[in-house]
Protein chains: 2
Amino acid sequence: MVTIYDVARHAGVSAATVSRVLNGHAKVDPALAERVTSSVAELGYRRNAVARNLRKSRTSLWAVIISDVENPFFTSMVRGVEDIALAAGYSVVLCNSDENPEKESNYIVAALTEQMAGVIISPSSNRVDDVKLLLDSGCPVVVIDRELHGLRTDTVLVDNERGAEQATAHLIDQGYRRIACIGGPRWLSTATHRYDGYRRALGTAGLSLEPSLVRFADFRERGGYDAMASLLDDGAEPDALFAANNLMTVGAMECLVQRDLAVPTDIAVVGFDTIPWADLIRPTLTTVSQPAYEVGRQAAQLLARRITKPDADATNVLLPTELQVRASSTRRISTGE
Amino acid sequence: MVTIYDVARHAGVSAATVSRVLNGHAKVDPALAERVTSSVAELGYRRNAVARNLRKSRTSLWAVIISDVENPFFTSMVRGVEDIALAAGYSVVLCNSDENPEKESNYIVAALTEQMAGVIISPSSNRVDDVKLLLDSGCPVVVIDRELHGLRTDTVLVDNERGAEQATAHLIDQGYRRIACIGGPRWLSTATHRYDGYRRALGTAGLSLEPSLVRFADFRERGGYDAMASLLDDGAEPDALFAANNLMTVGAMECLVQRDLAVPTDIAVVGFDTIPWADLIRPTLTTVSQPAYEVGRQAAQLLARRITKPDADATNVLLPTELQVRASSTRRISTGE
DNA sequence: TTGTATGCGTTATCAG
DNA sequence: CTGATAACGCATACAA
């Protein structure tokens, strides 16, 4: 390995001068600088980030800890983080906690021991300990997607309640009245807010909440399928469905297809969160799309700010969703009820 | 920050002893070890990986550099890498080069300057320089998905040619004769091998390759759409299509839908690579599925081996694909031609 | 078995 | 403006 001392010797200057040239902080004689840069090129010198990090006691790496690398929401979000981070001189490394608190713990410890410059995390549970560990260690953190109670951190969330409310209101607008809801795990803030939005839309329209039309599942495809089956089998007779995430929407759709129920004629469907290639699914799906890329961008900006101003007040960003109306929820023949 | 010296003082031993206890290499008196571990717990000591890395001149981080974080193939592959890596005591960080050679370059330099223990990379171009840089620097590397010529590295590839051949042969079996092909960028080995497979199946069946039935696109949705449109508009009159990756398949399907062509009645379709929720698309899509998770596993195993045996001969793994027959390619009424 | 001392490659402080 | 030198926190060769 070629070190800064090799370069110094080759250029006939001191190691300190090489360092100064490389970092551009202090003024250095142009002639010397020139000698240094050409020596660097000639020797193929690349600075040892580990040594540098040790000296500066921090790296230029951001850890983005997401709860599911296979969920399009997160991958799209990561793109937003990257674009800001790279521009700010940081590299982004992605860690997949896989909805597993233990893996998440491991990555957090890794981020800490590796002295990462900052962490953006979508918590895989409502356990507060892990994130608290980061905060207590003085590691800049931004929490995204899921709310964590009792922690004063920067956060970037989407307006889940309002998104769900719009989706449900849209179904009501279209003339549907027996609107079922497949909600997510109640310990996730995203799930409870979406359920709240569903209830609020019903209330606003003067419709009562019918417990027989509500199911809670696990945000997975199988869960959505089972919940839909249960709704149909128990005689709740829904004429529409609001499903609280993308995978459960897919599961519910599969159930409807299997039972030869027509969408939206027999049952209309609106799903929360984007589904890749939603246009290829028949019928095309009405969705509440989240600004995933923008979530990433904003989180990155907050993290950059937090790094430079560790003591600034915590900022909480709430981004709007957008209802994308497609075929699965188009107006039914008005029943005039 | 609490260092190894703080622990040593608290436990009444030397820093060296603390280090030994922590790493478990050397023998140390159980009583002392006990004092050390309890001091570690009491002080909340966590070792500084950066200092450790500097000393050992390597980290316990693997970089997985993929060319598209939004492609399900790669995310699934990453899961395979993770499972092996974690078991072997490494952490995995994901880097998204976004099919951009420049970003890829940056991440490679980062992996080098950060002294990563190893790199698994799916090259975003056929440029050999970047990977060569890694090799020359002695960084253990495994190349996946795409072939890189003139480099003696461990590789894990899938049998693209055979997969494409099976897909095409399947269409021939089903009675289709005018089988079109939408190929990928010719500088990617995956694309050329899939094209070769298509041609070989035609040859085996005694069918001639008709240039008017072949288009090359960019592995993206838009490209697939345009290629399909061109095939239809130029009067090539295909009765089936083999599309060389998932996104182009989706694009081609969209074109067919838009033109009210029935699949598979008017045109049968087989796509290479998995498509999430392929079962929801109507008709369901016949695909050549790749063992993405297994690619990751094998790559991880090779990397682990390469780290321990830097001078071992390069291993090249070739994994089989699997044809998953669904509705889009089912037998047409035999024309007896 | 345990402790002492040194160096990993940088950057920052301080004299010059 | 430049150079010598001391740390950063840890692991290890060597001495005890």
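The name given to chain A in an unreviewed UniProt entry is LacI family transcriptional regulator, with the source organism recorded as Jiangella asiatica.

Caption draft 1: Looking closely at the state of the cysteines. Applying the stated criterion to the full structure yields 0 disulfides over all chains. Note on A:Cys181: no disulfide assigned, nearest cysteine sulfur contributed by A:Cys255 at a separation of 16 Å.

Caption draft 2: Structural context of the protein's contact with DNA strand C. Near DNA strand C you find 24 residues, and of these A:Tyr45, A:Arg55, B:Thr17, B:Arg20 and B:Asp29 are the closest. The share of sugar and phosphate among atoms of DNA strand C within 4 Å of the protein is 66%. With respect to DNA strand C, the backbone of A:Ala51 contributes an N or O atom lying 3.4 Å from a base nitrogen. A distance of 3.0 Å separates a phosphate oxygen of DNA strand C from a polar backbone atom of B:Ser14.

Caption draft 3: Representation of the protein's contact with DNA strand D. A:Thr17, A:Arg20, B:Ile4, B:Tyr45 and B:Arg55 are the nearest of the 27 residues found near DNA strand D. Close to the protein, within 4 Å, the atoms of DNA strand D are drawn from sugar and phosphate at a rate of 61%. A:Ser14 has a polar backbone atom sitting 3.2 Å from a phosphate oxygen of DNA strand D. Residue B:Asn48 places a main-chain N or O atom 3.2 Å away from a phosphate oxygen belonging to DNA strand D. Taken together, the elements giving at least two residues each to the surface near DNA strand D come down to α2 (15-23) and α4 (49-56) of chain A together with α1 (4-11), α2 (15-23) and α4 (49-56) of chain B. The element best represented in the surface near DNA strand D is α2(B), accounting for 4 residues. Among the residues forming the surface near DNA strand D, the class breakdown is 12 nonpolar, 7 polar and 8 charged.

Caption draft 4: Representation of helix α6 (residues 101-113) of chain A. Residues and elements named next belong to chain A. Compared with an ideal rise of 1.5 Å per residue, which puts 13 residues at 18 Å, α6 spans 18 Å between its outermost C-alpha atoms and is within 8% of the ideal. Listing the buried residues of α6 in full gives Lys-103, Glu-104, Ser-105, Tyr-107, Ile-108, Ala-110, Ala-111, Leu-112 and Thr-113. At the N-terminal end of α6, a side-chain oxygen is found 2.8 Å from the backbone nitrogen of Glu-102, two or three residues along, and the residue is Asn-100. One or two residues past the end of α6 sits Gln-115, with phi positive at roughly 60°.

Caption draft 5: Local environment of the sheet that holds strand β6 (residues 179-183) of chain A. Residues and elements named next belong to chain A. Spatial strand order, β7-β6-β8-β9-β10-β12: 6 strands in an open sheet with mixed pairing. Only two strands of the sheet have a single partner each, and these edge strands are β7 (214-216) and β12 (322-324). Put simply, the sheet's adjacent strands are angled 15° from each other on average, direction ignored. Pairing between β6 and β7: 3 bridges, direction parallel. Opposite Ile-182, over in β7, you have Arg-215 as the bridge partner. Contacts between helix α8 (residues 160-173) and the sheet are confined to β6, β8 (240-243), β9 (268-272), β10 (286-289) and β12, with β9 contributing the most and set at about 170° to the helix.

Caption draft 6: Quick look at the relation of the copies chain A and chain B. Mapping chain A onto chain B calls for a screw motion: a turn of 180° about the axis and a shift of 0.1 Å along it, with 0.1 Å RMSD after fitting. Given the turn and translation reported, the copies of this chain are related as if by a two-fold rotation axis. Take the interface residues of chain A: 100% of them recur as interface residues in chain B, which is what a same-surface contact looks like.

Caption draft 7: Spatial organisation of the domain arrangement of chain A. By the assigned domains, chain A splits into domain 1 (1-56) and domain 2 (160-290 + 322-329). The C-alpha centroid of domain 2 of chain A is placed 60 Å from the C-alpha centroid of domain 1 of chain A.

Caption draft 8: View of the packing of α4(A) against α4(B). For the pair α4(A) and α4(B), interaxial distance at closest approach is 9 Å and the crossing angle is 140°. When the axis of α4(A) is compared with that of α4(B), the two are oblique. Read as a crossing pair, α4(A) and α4(B) show a hand that is left-handed. Along its contact with α4(A), which presents A:Val50, A:Ala51, A:Asn53 and A:Leu54, the element α4(B) presents B:Val50, B:Ala51, B:Asn53 and B:Leu54. Residue composition of the contact of α4(A) with α4(B), by class: 6 nonpolar, 2 polar and no charged.

Calculation rules
Residues numbered from 1 in each chain as written. Chains lettered and ligands numbered in written order. Predicted model: local features only at pLDDT ≥ 70, side-chain atom pairs only at ≥ 80, totals over all residues. Heavy atoms only, no water. Disulfide = S-S within 2.5 Å. Near = heavy atom within 4 Å. Polar contact = N/O pair within 3.5 Å; in protein donor to acceptor, adjacent residues only side chain to side chain. Helix = DSSP H or I, 4+ residues; strand = E, 2+ residues; numbered from the N terminus. Nonpolar A, V, L, I, M, F, W, Y, C, P; charged D, E, K, R; others polar. Expected span 1.5 Å × (residues − 1). Buried < 20%, exposed > 50% of the residue type's maximum accessible area, 1.4 Å probe, protein only. Pairing = 2+ DSSP bridges. Axes fitted to C-alpha atoms, helices over the stretch in contact; angles between N-to-C directions. Contact = heavy atoms within 4.5 Å. Least-squares fit on C-alpha atoms with pLDDT ≥ 70 in both. Domains from an automatic or database assignment. Parallel < 35°, antiparallel > 145°, perpendicular 65-115°, else oblique. Left-handed = near helix turned anticlockwise from the far one by under 90°.

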